[in-house]
Amino acid sequence: MTDKNREGDQPDDNNDPLGNIFGMLFGPGGQMGGAFGQSGSGGQSGSAGQAGPGGLPFDPAMLGGIMQQLQGMLSGGSQTGGMRAAEQHIPQPDPEVTDEVTRASHDAFRLAELWLEDVTTSAVGVPEAIALTRREWVEQTFEGWQRLVRPIQSNMSSALTASIAEQAPEELKPMLAGAGQMFTSMSESMFGMQLGEALGALSGSVLSGTEYGLPLIKGSRPALVEANITGAASEIGVEATELRIHLAVRELALLWLFKRSPWLAGHVETALSKYASGIELDLDRIQGMAGSIDPSRMQEMSEEIRRGLFDPKPTEAQQQALTSLQNLLSVIAGWADVVAYRACAQLGSRDTIREALRERQATEGAADRTFAQLVGMDLRPARLRDAAALFSYLEQTEGPEARDAVFNHPDLLPTTQDLDDPLGYRERRSQEWSTDSSMDEALARLLADEGAGSSGDDDTGSPTTGPADAAAAPSTDASTPDDVDASAAGDGPADGGDPGDGDDDRPTGSTPPPP
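So, here's what we can say about the structure. (Residues numbered from 1 in each chain as written. Predicted model: local features only at pLDDT ≥ 70, side-chain atom pairs only at ≥ 80, totals over all residues. Heavy atoms only, no water.)

**Some thoughts on the packing of aromatic side chains**
Consideration 1: Using the criterion set out here, one finds four aromatic pairs in the structure.
Consideration 2: Their ring planes at 70 degrees and their centres at 5.7 Å tell us that Trp145 and Tyr212 sit as a pair that is edge-to-face. Of this pair, Trp145 sits in helix H5 (residues 134-167) while Tyr212 is found in the loop between helix H7 (180-202) and strand S2 (223-225), placing the two residues 67 residues apart along the sequence.
Consideration 3: Measuring from centroid to centroid gives 5.9 Å for Phe391 and Phe407, while their planes differ by 10 degrees, and the two rings are stacked. Here Phe391, found in helix H16 (residues 384-398), pairs with Phe407, found in the loop between helix H17 (400-405) and helix H18 (416-420); they are 16 residues apart in sequence, far enough to count as distant. Summarising the burial analysis for this pair, Phe391 and Phe407 share the class buried. (Phe/Tyr/Trp six-rings, centres within 6.5 Å; stacked < 30°, edge-to-face > 60°. Helix = DSSP H or I, 4+ residues; strand = E, 2+ residues; numbered from the N terminus. Buried < 20%, exposed > 50% of the residue type's maximum accessible area, 1.4 Å probe, protein only.)

**Structural notes on the packing of helix H10 (residues 263-276) against helix H13 (residues 316-343)**
Consideration 1: Between H10 and H13, the shortest axis-to-axis distance is 8 Å and the interhelical angle comes to 160 degrees. Between H10 and H13, the crossing angle belongs to the class labelled roughly antiparallel. Note on packing geometry: the crossing formed by H10 with H13 is left-handed. Between H10, through Leu264, His267, Val268, Ala271, Leu272, Lys274 and Tyr275, and H13, the contact on the second element is made entirely by Gln318, Ala321, Leu322, Leu325, Leu328, Leu329 and Ile332. (Axes fitted to C-alpha atoms, helices over the stretch in contact; angles between N-to-C directions. Parallel < 35°, antiparallel > 145°, perpendicular 65-115°, else oblique. Left-handed = near helix turned anticlockwise from the far one by under 90°. Contact = heavy atoms within 4.5 Å.)

**Digging into helix H15 (residues 366-375)**
Consideration 1: Looking only at H15, the buried set comprises Ala367, Asp368, Phe371, Ala372, Leu374 and Val375.
Consideration 2: With its phi angle positive at about 85 degrees, Gly376 sits one or two positions after the end of H15.

**Regarding the environment of Ala340**
Consideration 1: Relative to the assigned elements, Ala340 resides in helix H13.
Consideration 2: For the pair Ala340 and Glu251, spaced 89 residues apart in the sequence, the C-alpha separation amounts to 8.9 Å.
Consideration 3: Excluding residues that lie within four positions of it along the chain, Ala340 makes contacts with His246, Val249 and Arg250.

The structure is reproduced here in structure tokens:
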């Protein structure tokens, strides 16, 4: 994989079954462009092999050996292989968390709880906080990341299995007929290695358990990656103690939000599944890479195939789904940004820390690029500032209750249009409630008329109260608060879409009550 591999982990041609299989299927000179089989499994002459109809010699005994190698390689499971890959990419040194640092972390969370209770509603059932090394962050979040990216892995696994079955030469198909489960396991293991490599790279910069806006730590425990806080504080130019407190406030606020709105995590996973459903393998790209196969550099070839396999070009539908996902993550991050800033009023460096954290989340670092390349997703909240402008407006015109009520129902979540024009959010919701109320009243009158007709009673009764009648919509203040960035309304979507296009990227569902 890289020069960081331990000597014992360096594969030779004979123990790289993945490279060998792809070489047999896609190598130069054969039915799909060539014949790795011409040089056997270890670069020796393959004259004893059989020639297929497209000129693809292969050795059945060699293929059987490859299958056995694959079974041995995959026996440890995707998480075991993923952790091995992660360990090779975790930046070193990775300092241990001392008792002193642990106490400082716990003190920061205790203070965060006190400050947050003054600005938002607390949630019960949040476990005790933990302080982590980089390696511990990978261990604690690996299962959460696996769950998060499982739709992508599953769809790519199905696409890989179907593609191999379709592209394989006729003489190989009988041998591969029962290998579907093996190819699925192979795909899972490869994806686990990709994920481990990506998380190892991320571990050098991540600061908290909800860094990417989702509760990924085992048991949803609050967590700070103490190995990175001192360095980050130095880069920002603030005391590590103040940065630690601010991060603890934001971490706890997000976990409270997910506890109060248990549907939110599933909503994000649904958005991910929508993105994953359109994944297709770029076989032309894979064949192009394998077309220049060199048996003497099978290790590098296998690496290139894996990177090409798990970095497909997104379709237009996928790009739209990814934009909706990033908007949702931006809304979550924007809310946490506003709540943490309000709660940290006593921190002298809160403005500096807030701006630095915004820049971190908006700027694609080397680790973020690695993650996007290896896993196929960009999870940065690209429109955090627009979302923060919306929540600041609600907070200052209607109070913190209106700010938090956005997460009372999925249909209240801001859309792309709301992020384009944060100050028009309330007006658009009022119009929706008015339309829904009119429809409810019309339906009630129709049902009442039918009931009266069947009973012979001319009294139609009173119409059913619609959602807009159940609770009056909060008043809308046309003025803009001084510290809300009104220019955010003109920033336009980060994905280059048309501002104010009016697209509603919320899921369909029942009409929510006004917050």
